[in-house]
Amino acid sequence: METERPVMAVTWPKAPRDVVSRLQQAGTVKLWAGSLPPTPEELAELAGDANALLCTSNERIDARLLERCPRLKIVATASVGYDHLDLKALTERGIAASNVPGVLTETVADTTWGLIIAAVRRLGEGDRYVRGGEWKVVGLDVMVGLDIHGGTLGIIGYGRIGQAVARRAAGFDMTVYHHDREPGDDEHSTWKPLDELLSISDVVTLHAPLTPQTHHLISARELALMKPTAVLVNTARGALVDQVALAEALRTGELFAAALDVFEEEPIPADDPILQLPNCMATPHIGSASSRTRGKTVSLAADNILAGLAGQPLLTPLNPEVQPASSGAT
Ligand code: DGY
């Protein structure tokens, strides 16, 4: 009896050709063609008959969508964060899920340092100042920022990316502290309780996953603990920070500056009050956006799908208790 070829839905139209070809060797690939990510309705249509879905953090994979995708057996997100996946709903339906830990660690750590330097030395502001024709004199008081070297770095969330950020701090002669659920030090950083870390750090950078427990981890109370000369950097998830409280702290000078790659709503509306503040630098969720790393993330997501379709355990599973059945086509 001939087995049916599995159907794979892929939501990223620019997925590298070689990755798409590898998937095509295993079955039929339905590649999303829109210039914007699919809406929930469009996603349900794309993945309605699929056995596997390769998605990004733009798509919410919840019970409502899964109701409409009865054949789905594997969901592989090309992101390390997985707050957009309802893991409980996936597991209840016997759908194996994976993310892409490891492959984007160093790239996100690089971006984080770019934002740290930009915030502390006012690089975004300086760029706008020059382009806006405001630069009239090479003055000693023009765009004066703070120093990074010799300062104190506070890392919240000490997984792979937090640790990669800590390693880079040695080049700036910084004292490094971190906060994570479990206390524990390593050669690069010393664990501190959250409130203490906030009050002693010159730079606070966020690397925790978004969960119900970390939602608005940094709110008005926590911002008030920080030094008025401190900067806050977020390359993790926007909702770790109460954005309204942050805008107020930046506006009143309670905080020196922030550099944000992620926002509570993405894309952030251009008229959001926080974007009107000169001491807030914003980038469009590009922490892992180097071409090589993008390729690696999509490739690992595809490898997870291919393993699952072959009845093998996923390489980087989120719910390893779910074992995909061979072929995936039902
Ligand atoms: C990730 O991998 O989680 C990045 O933030 C992209 O979504």
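Conventions adopted
Residues numbered from 1 in each chain as written. Predicted model: local features only at pLDDT ≥ 70, side-chain atom pairs only at ≥ 80, totals over all residues. Heavy atoms only, no water. Buried < 20%, exposed > 50% of the residue type's maximum accessible area, 1.4 Å probe, protein only. Helix = DSSP H or I, 4+ residues; strand = E, 2+ residues; numbered from the N terminus. Contact = heavy atoms within 4.5 Å. Pairing = 2+ DSSP bridges. Axes fitted to C-alpha atoms, helices over the stretch in contact; angles between N-to-C directions. Salt bridge = Lys/Arg side-chain N within 4 Å of Asp/Glu carboxyl O.

Colleague: Which residues make up helix 6 (residues 123-131), and what values do they have?
Modeller: Gly124, Glu125, Gly126 and Tyr129 are the residues of helix 6 that are buried. On its buried face, helix 6 is in contact with helix 5 (105-120) and strand 12 (280-282). Remark: glycine 133 follows helix 6 within two positions and exhibits a positive phi of approximately 75°.

Colleague: So what's going on with the sheet that holds strand 2 (residues 28-31)? Which residues, and what values?
Modeller: The strand order 2-1-3-4-5 describes an open sheet built from 5 strands, whose pairing is parallel. What marks the edges here is a single partner per strand, and that holds for strand 2 and strand 5 (96-98). On average, each strand axis in the sheet is inclined to that of its neighbour by 15°, with strand direction left out of account. As paired elements, strand 3 (residues 52-55) and strand 4 (residues 74-77) share 4 bridges and run parallel to each other. Bridge pairing links cysteine 55 to threonine 77 in strand 4. With respect to the sheet, helix 11 (residues 291-309) is in contact with strand 1 (7-10), strand 3, strand 4 and strand 5, its orientation differing from that of strand 4 by roughly 165°.

Colleague: Any chance you could break down the environment of leucine 194 for me, citing the residues and the numbers?
Modeller: On the secondary structure map, leucine 194 appears in helix 8 (residues 194-200). The sequence separation of leucine 194 and leucine 90 amounts to 104 residues, and the corresponding C-alpha distance is 33 Å. Setting aside residues no more than four positions away along its own chain, leucine 194 makes contact with Ile156, His179 and Leu217.

Colleague: If you had to explain the pattern of salt bridges to someone new, which residues and values would you point to?
Modeller: For the coordinates displayed, the defined rule picks out 17 salt bridges. In this structure, glutamate 4 engages arginine 71 in a salt bridge whose closest nitrogen and oxygen atoms are separated by 2.6 Å. Of this pair, glutamate 4 sits in the segment before strand 1 while arginine 71 sits in the loop between helix 3 (63-67) and strand 4; the two residues are 67 residues apart in sequence, bridging distant segments of the chain. Arginine 71 sits in the partly exposed class, given a relative accessible area of 21%. For the salt bridge of aspartate 202 with lysine 227, the shortest nitrogen-to-oxygen distance reads 2.8 Å. Pair noted here: aspartate 202 is in the loop between helix 8 and strand 9 (203-206) and lysine 227 is in the loop between helix 9 (220-225) and strand 10 (231-234), with a separation of 25 residues, a long-range link. On the basis of relative accessibility, which here comes to 26%, the residue lysine 227 falls in the partly exposed class.

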